[in-house]
Amino acid sequence: MKTIHVISVSGGKDSTATLLIALDRVPRENVQAIFCDTGNEIPITYKHLDELERHLGIQITRLKADFSREIIAKRRFVAQDQRTRREYKTAPVFDANGNPVPKRDQHGNILYRTVRRGGVSTQELVQKTRKIGGGRKVRWSNKAKRRALNVLHPTGNPFLDLCLWKGRFPSRKAQFCTEELKRNMAVAYQLQLIEQGLHVVSWQGIRRDESPNRRYAKKIERIGPKLWAYRPLVDWTAQQTVDFVRAQGCPLNPLYSQGQSRVGCVCINSNKSDLAQVSFRYPEEITRLSEWEHMVGQASKRGYSTFMCDASDLKDRRAIFSDLNIHARVAWAKGENGTMDLFDNGDLNLPACASSYGLCDH
């Protein structure tokens, strides 16, 4: 039975190296490169993908998520919301001696829950809590409904539509963008191939030194029927990946030469240097994110949402946008603790090449 090798290409160094290895080891007719377009990419990445296609003589299939149905369903829910209950903040209850007061059921029995620590399951009592304050209505207010319904229309941009549907931007604790815009799209594509009777090997440019979550990544593993994952770079370092791509004479994303530690979408995980570089070289991207902050904020019940910080515990909208909007985050990235020494009173003099991978030698 024929096997198709699917390579997920992001435009970054790791996926490029993975694609090069696949093209060297597998017949080209069995290789299918895919790019999951988030709609939040810096434009130069799209140009780089075109250049990569020309250089390698292959086609990279573009995949885009569509949240039209979800947005339409949210419009209907918001318009018809008539819930009456309230949500309250709670605090644990202690007795006069400072001991936790246990929670009881309607028959007066103490409630317990099972917890697992150190591989051992134990029973732990559930502590009683009390409500704080007057709570808040769960139902959308009429003002919030009008505000949200004004912007809840599909735009065709996957990232923006996802955030409009969710009523917020992703965060490090709720990084739903990766799952919805990349993983789900790639998996759906591979499952379609399997339904056609093919075997699929999913090539993934993952390195163990990228993060603690990937420390134990396997080089090859079976994911499901007729589906395997292959990760040829698990033992490589970032510099090894860059050196390999350059040795093959293959172009790298120009963003690496512009000081970016990662490439692709403008990400909530960008560090201060990344954000500062983007704001200087691509100010229109910051303007775009600012416009998106306004739109997503309108689609949120609480009336605000900021791109790089989840401010759910703050109440004053004006204070939130003054301190945490994308322009404020850019100002923070430029001026704090000498993170970007080349910033001096807002007068930038960035070098043409700021790569940390030695890409400025040639």
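As recorded in an unreviewed UniProt entry, the protein goes by the name Phosphoadenosine phosphosulfate reductase family protein, listed as coming from Acidithiobacillus sulfurivorans.

As a further point, take the overall build of the protein. Summing up its helical and strand segments, the protein has 11 helices and 12 strands in all. Counting over 362 residues, the protein shows a buried share of 44%. Intrachain contacts of the protein at a sequence separation of at least 6 include 68% that bridge at least 24 residues. Carbon and sulfur atoms form 48% of the exposed surface of the protein, whose accessible area is close to 20000 Å².

Ranked by size, the top nonpolar core spans 79 residues in total, and within it L19 and F307 carry the most contacts. Residue contributions to this core peak at 8 residues, all from helix α6 (residues 176-195). Apart from residues lying up to four places away in sequence, F307 is in contact with N40, F159, F169, P170, V266, C267, I268, L289, E293 and I326.

The next thing to look at is the pattern of salt bridges. Under the defined criterion, the tally for this structure stands at 13 salt bridges. For R207, the salt bridge goes to D14, with nearest N and O atoms at 3.0 Å. Note that R207 is positioned in the loop between β8 (199-203) and β9 (220-224) and D14 in helix α1 (residues 13-25), a separation of 193 residues in sequence. The partner of R62 in a salt bridge is E53, with the nearest N and O atoms 2.8 Å apart. Residue E53 is classed as buried on the basis of its relative accessible area, which comes to 16%. The structure contains a network of salt bridges with shared partners spanning K13, D14, R207 and D209.

For the rest of this paragraph, the subject is the sheet that holds strand β10 (residues 227-230). The pairing of strands in a sheet happens through backbone hydrogen bonds and is either parallel or antiparallel. Pairing within the open sheet is mixed, and its 6 strands lie in the order β3-β2-β1-β8-β10-β9. Both outer strands of the open sheet, β3 (60-64) and β9, are each paired with one neighbouring strand and no more. When the angles between neighbouring strand axes are averaged without regard to direction, this sheet yields 30°. The sheet contact formed by strand β1 (residues 3-8) and strand β2 (residues 31-37) spans 4 bridges and is parallel. Bridging from a neighbouring strand, H5 pairs with V31 of β2. Contacts from helix α2 (residues 43-56) reach β2 and β3 within the one sheet, and its direction differs from that of β3 by about 150°.

What follows covers the environment of Q127. With respect to the helices, strands and loops of the structure, Q127 is situated in the loop between β6 (120-125) and β7 (129-137). Residue Q127 is classed as partly exposed on the basis of its relative accessible area, which comes to 25%. For the pair Q127 and L111, spaced 16 residues apart in sequence, the C-alpha separation works out to 8.4 Å. For Q127, the residues in contact, after removing those within four places along its chain, are P92, V93, F94, P100, V101, P102 and K103. Side-chain polar atoms of Q127 contact the backbone oxygen of V93, separated by 3.0 Å.

Before going further, it helps to examine helix α3 (residues 68-80). Note that an α-helix has 3.6 residues per turn; residues three or four places apart therefore point the same way. Given a rise of 1.5 Å per residue, 13 residues ought to cover 18 Å, and the 19 Å separating the end C-alpha atoms of α3 matches this to within 8%. For α3, the set of buried residues is I71, K74 and V78. Angularly, the buried residues of α3 cover 60° about the axis, an arc narrow enough to put them on a single face. Facing away from the buried side of α3 by over 90 degrees, the exposed positions are R69 and Q80. Of the surrounding elements, those touching the buried residues of α3 are α4 (142-151) and α5 (158-166).

On to the side chain of H48, then. Residue placement: H48 occurs in helix α2. On the basis of relative accessibility, which here comes to 1%, the residue H48 falls in the buried class. The residues contacting H48, other than those within four sequence positions of it, are G11, T16, P251, L252, N253 and P254.

What follows deals with the packing of aromatic side chains. The full count for this structure, using the stated rule, is 8 aromatic pairs. On the basis of an interplanar angle of 80° and a centroid distance of 5.5 Å, the ring pair of F169 and F307 is categorised as edge-to-face. Of this pair, F169 sits in the loop between α5 and α6 while F307 sits in the loop between α9 (283-298) and α10 (317-324), and the two are 138 residues apart along the sequence. A relative accessible area of 2% places F169 in the buried class. Its relative accessible area of 1% is what places F307 among the buried residues.

As a further point, take the environment of D50. Of note, D50 is situated in helix α2. Owing to a relative accessible area of 32%, D50 belongs among the partly exposed residues under this scheme.

Our focus in this paragraph is the environment of V201. Note on placement: V201 falls in strand β8. Between the alpha carbons of V201 and T3 there is a distance of 7.2 Å; along the sequence they are 198 residues apart. With residues near it in sequence (within four places) discarded, V201 still touches T3, I4, H5, V6, W228 and Y230.

About the criteria used
Residues numbered from 1 in each chain as written. Predicted model: local features only at pLDDT ≥ 70, side-chain atom pairs only at ≥ 80, totals over all residues. Heavy atoms only, no water. Helix = DSSP H or I, 4+ residues; strand = E, 2+ residues; numbered from the N terminus. Buried < 20%, exposed > 50% of the residue type's maximum accessible area, 1.4 Å probe, protein only. Contact = heavy atoms within 4.5 Å. Areas by Shrake-Rupley, 256 points an atom, 1.4 Å probe, with all protein chains shown as cover. Core = buried A, V, L, I, M, F, W, Y, C linked by side-chain atoms within 4.5 Å. Salt bridge = Lys/Arg side-chain N within 4 Å of Asp/Glu carboxyl O. Pairing = 2+ DSSP bridges. Axes fitted to C-alpha atoms, helices over the stretch in contact; angles between N-to-C directions. Polar contact = N/O pair within 3.5 Å; in protein donor to acceptor, adjacent residues only side chain to side chain. Expected span 1.5 Å × (residues − 1). Arc of directions from axis to C-beta. Phe/Tyr/Trp six-rings, centres within 6.5 Å; stacked < 30°, edge-to-face > 60°.

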